[in-house]
Amino acid sequence: MLADLWVVVALGGLLGLLIGSFLNVLIYRLPKMLERQWAVECAEMVGKTPEQTEVFNLMLPRSRCQQCGHQIRWFENIPVVSYLFLRGKCSACGTTISLRYPLVELSSGFLFAFCGWKWGITATALAWCGFSAVLLALALIDWDTTLLPDDLTLPLLWAGLVFAALKWTAVPLNSALWGAVAGYLSLWTIYWLFKLATGKEGMGYGDFKLFAALGAWFGWEALIPMILMASVIGAIIGIGMKFTRGLREGGYVPFGPFLALSGLASLLFGAQSILHVIGL
């Protein structure tokens, strides 16, 4: 039995590494795809003909070095292994490859292996693997661009409700439904109170949708521990970045990555354990 478990964990980790490689593509390309789509829609609204550009989606063009344009060959795109073999540099021009690429792959591999260890080869494991992958992508997209695309947040929300109905997440449908409602309305209310008091927008609508999705996956009972963890860690990192002058223009830190982190922590340790971690 133990040997079988480790086979499942290994298979989960391998699948996670492969999905992590795809997530690197998704994290980089999806925001650019959305920008192009918005540009086309804006041009059409004012009666202009959209500019013709090369095909750009999750499949095309093939991955290339952003510095020299070298097309990445298949053996240069093996998760983690290729990074180590290339010593973290482009084989053509020697430009340093960001360490984030293998870290995303390793993170995805670990999360998938964890799901395999906890739930085995089941629909529940696959559901939480998908949850982990989407949350990882959302965290990094928001950190890079301050965007939480509806293309990811809304499917994540609906998946949480559907999987609760199918009893794949151990969260009763009633709790998942009210978790989604409470998650959205809580941040929506804070947003408007802050805006009425200061005249400024403290967060984006993507944060409401992401928190609603977390409520759908974990139930309304988990919302308070998750928002507390996200707020505490976000405040600590924000203060640290302020002192090190690492804040971007405008002096803000996106909240989505910390919501995503709280969701992943809830997956790994349980929502209630978060309260002990932050000393509550």
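Keep in mind it's a predicted model, so treat the numbers as computed, not measured. (Residues numbered from 1 in each chain as written. Predicted model: local features only at pLDDT ≥ 70, side-chain atom pairs only at ≥ 80, totals over all residues. Heavy atoms only, no water.)

Further remarks concern the environment of arginine 64. Relative to the helices and strands, arginine 64 is located in the loop between α1 (2-45) and α2 (81-85). Given a relative accessible area of 41%, arginine 64 falls into the partly exposed group. The sequence separation of arginine 64 and alanine 164 amounts to 100 residues, and the corresponding C-alpha distance is 40 Å. Residues contacting arginine 64, with those up to four places away along its chain left out, are Gly69, His70, Gln71 and Ile72. (Helix = DSSP H or I, 4+ residues; strand = E, 2+ residues; numbered from the N terminus. Buried < 20%, exposed > 50% of the residue type's maximum accessible area, 1.4 Å probe, protein only. Contact = heavy atoms within 4.5 Å.)

What follows is about a nonpolar patch on the surface. A cluster of nonpolar side chains, namely Leu177, Trp178, Val181, Leu185, Trp188, Trp192, Leu196, Tyr205 and Trp220, defines an oily patch on the protein surface of about 910 Å² accessible area. Sorting elements by how many residues they give to the nonpolar patch places helix α6 (residues 173-198) first, with 7 residues. (Patch = residues over 30% accessible without salt bridge, like charges linked within 9 Å, V, L, I, M, F, W, Y side chains within 5 Å. Areas by Shrake-Rupley, 256 points an atom, 1.4 Å probe, with all protein chains shown as cover. Salt bridge = Lys/Arg side-chain N within 4 Å of Asp/Glu carboxyl O.)

In this section: the packing of helix α5 (residues 150-165) against helix α7 (residues 205-218). Remark: α5 packs on α7, axes separated minimally by 8 Å, with the N-to-C direction vectors making an angle of 20°. Between α5 and α7, the interaxial angle falls into the category roughly parallel. The handedness of the crossing between α5 and α7 is left-handed. Contact residues: α5 offers Asp150, Thr153, Leu154, Leu156, Leu157, Ala159, Gly160, Leu161 and Phe163, while α7 offers Gly206, Lys209, Leu210, Ala212, Ala213, Ala216 and Trp217. (Axes fitted to C-alpha atoms, helices over the stretch in contact; angles between N-to-C directions. Parallel < 35°, antiparallel > 145°, perpendicular 65-115°, else oblique. Left-handed = near helix turned anticlockwise from the far one by under 90°.)

A few words on the packing of aromatic side chains. A full pass over the atoms with the stated rule returns 17 aromatic pairs. Here the aromatic rings of phenylalanine 131 and phenylalanine 218 are separated by 5.6 Å at their centres, their planes lie at 80°, and the arrangement is edge-to-face. Taken as a pair, phenylalanine 131 in helix α4 (residues 123-145) and phenylalanine 218 in helix α7 lie far apart in primary sequence, 87 residues in all. Relative accessible area serves as the criterion here: at 16%, phenylalanine 218 is assigned to the buried category. Their ring planes at 90° and their centres at 5.2 Å tell us that tyrosine 191 and tryptophan 192 sit as a pair that is edge-to-face. Residue classification places tyrosine 191 among the buried residues on the basis of a relative accessible area of 3%. Members of the aromatic cluster, each reached through a chain of ring pairs, are Phe114, Trp117, Trp119, Trp128, Phe131, Phe163, Trp168, Trp217 and Phe218. (Phe/Tyr/Trp six-rings, centres within 6.5 Å; stacked < 30°, edge-to-face > 60°.)

Quick look at α5 now. An α-helical turn contains 3.6 residues, so a residue and the one three or four places further along point in the same direction. For α5, which comprises 16 residues, the first-to-last C-alpha distance of 22 Å matches the rise-based estimate of 22 Å (1.5 Å per residue) to within 8%. Among all positions in α5, only Leu152, Thr153, Leu156, Leu157, Ala159, Gly160, Leu161, Phe163 and Ala164 are buried. Once α5 finishes, lysine 167 follows within two positions and takes phi at roughly 65°, a positive value. (Expected span 1.5 Å × (residues − 1).)

A few words on the pattern of salt bridges. The final tally for this structure, using the stated rule, is 4 salt bridges. Notably, a salt bridge pairs arginine 73 with glutamate 76, separated by 2.8 Å at the nearest N-O pair. For arginine 73, a relative accessible area of 36% translates into the label partly exposed. Among the ionic pairs, lysine 209 bridges to aspartate 150, the shortest N-O distance being 2.8 Å.

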